[in-house]
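Chain residues, written in single-letter form:
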Amino acid sequence: MRTQKIEVEIGNEYQFKGKIVLDIDQIPHSMAVYIPSKEEVFLNKRAYKTLGMNEGEVFDLTAWRKINPYVGKCYQKINNDFVNDQKVHVIMLNGKHEIMNYSLYCINNLSLGKIYIIHFSKASEKYAVASISSLYSIKDEVSKLKPYLNRTGKSMHESLMKKYFREGNQQLTLDDLVYYERELRIIQRAYPSLSHREVILCGLLVNDMDSKDIASITNRTLDAVFVTIHRINRKLDILNKKQLIDTLKELVSKEEVNSQVVSQAQN
């Protein structure tokens, strides 16, 4: 399969006509080229691998927008034709959730108009909340090892539990919850009367996390989680947990539709 070529200006003193022509597969990192006027996205080999796609597979832009309608807001951050070192939560075409680091550049072409060049990689330095939740599923099994460990082993065990399971009354922050950043921002704007802790709980509920997992991730008792849900319901004049979740999901869904409309209008 032939891949797209990119011309790079470096100055007349270095090469005839002052241009180098590169195949995008020669770019040493994941890169996408988006041409709004053609509604096309071109990927290099590394980008296919990062996105979990087969090499040469057509990038379904319509499907991508449907599952990631808020990603269009990334273009709104452009200042002086580029955005550098940002993070965004995306749902990939294979259904997996990832946090991506990205930098985005906009260039203007006389025949094609605006062209966006996106460099991206998986943000491996942060755990997604879903990954943290899966860690908690083995917490009890790990704890069973403690009686069989010597003094050094018990010390190592306690250090690991504090590091990965947040023992010691540490609170989750919005930075820890990058995975659900979009939902948290929406809920914050819609319900300013909610506290930081209540917003986080709502963000987890709207993503179908059950109360037991929420208690583990936020380092609280199950009863404390129920009390917080009751307090949120009272503030928002909502009858029960089910109605709360339905209300939150409707709020997020409407925001996604509005974002998609705005994104399409801008393109």
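Check the entry above for the structure.
Residues numbered from 1 in each chain as written. Predicted model: local features only at pLDDT ≥ 70, side-chain atom pairs only at ≥ 80, totals over all residues. Heavy atoms only, no water.

**With respect to the side chain of Glu198**
Then comes step 1: Within the secondary structure, Glu198 sits in helix α7 (residues 196-205).
Then comes step 2: What makes Glu198 buried here is its relative accessible area of 1%.
Then comes step 3: Here the side chain of Glu198 touches Ser195 through a polar contact of 2.8 Å, landing on its backbone nitrogen.
Then comes step 4: When neighbours within four sequence positions are excluded, Glu198 is seen to be in contact with Ser193, Thr228, Arg231, Ile232 and Lys235. (Helix = DSSP H or I, 4+ residues; strand = E, 2+ residues; numbered from the N terminus. Buried < 20%, exposed > 50% of the residue type's maximum accessible area, 1.4 Å probe, protein only. Polar contact = N/O pair within 3.5 Å; in protein donor to acceptor, adjacent residues only side chain to side chain. Contact = heavy atoms within 4.5 Å.)

**Focus on the sheet that holds strand β6 (residues 97-109)**
The strands making up a sheet associate through backbone hydrogen bonding, with each pair oriented either parallel or antiparallel.
Then comes step 1: Sheet architecture is open: five strands sit in the order β4-β3-β7-β6-β5, paired in antiparallel fashion. Of all the strands in the sheet, just β4 (40-43) and β5 (82-91) have a single pairing partner and so form its edges. For this sheet, the mean angle separating the axes of adjacent strands, direction not counted, is 30°.
Then comes step 2: The pairing of strand β3 (residues 31-35) with strand β7 (residues 113-122) spans four bridges and is antiparallel. Along β7, the bridge assignment pairs Ala32 with Ile118. (Pairing = 2+ DSSP bridges. Axes fitted to C-alpha atoms, helices over the stretch in contact; angles between N-to-C directions.)

**Focus: helix α9 (residues 222-236)**
Then comes step 1: The end-to-end C-alpha distance of α9, which contains 15 residues, comes to 21 Å, matching closely the 21 Å that a straight helix rising 1.5 Å per residue would cover.
Then comes step 2: The complete set of buried residues in α9 reads Val225, Thr228, Ile229, Ile232, Asn233 and Leu236. Each buried residue of α9 sits inside an arc of 140° when the element is viewed along its axis, so together they form one side. Those residues of α9 that are exposed and angled more than 90 degrees off the buried face are Asp223, His230 and Arg234.
Then comes step 3: Backbone geometry just downstream of α9 places Asp237 in the positive-phi region, at approximately 60°. (Expected span 1.5 Å × (residues − 1). Arc of directions from axis to C-beta.)

These results come straight from atomic positions and should not be treated as a statement about function.
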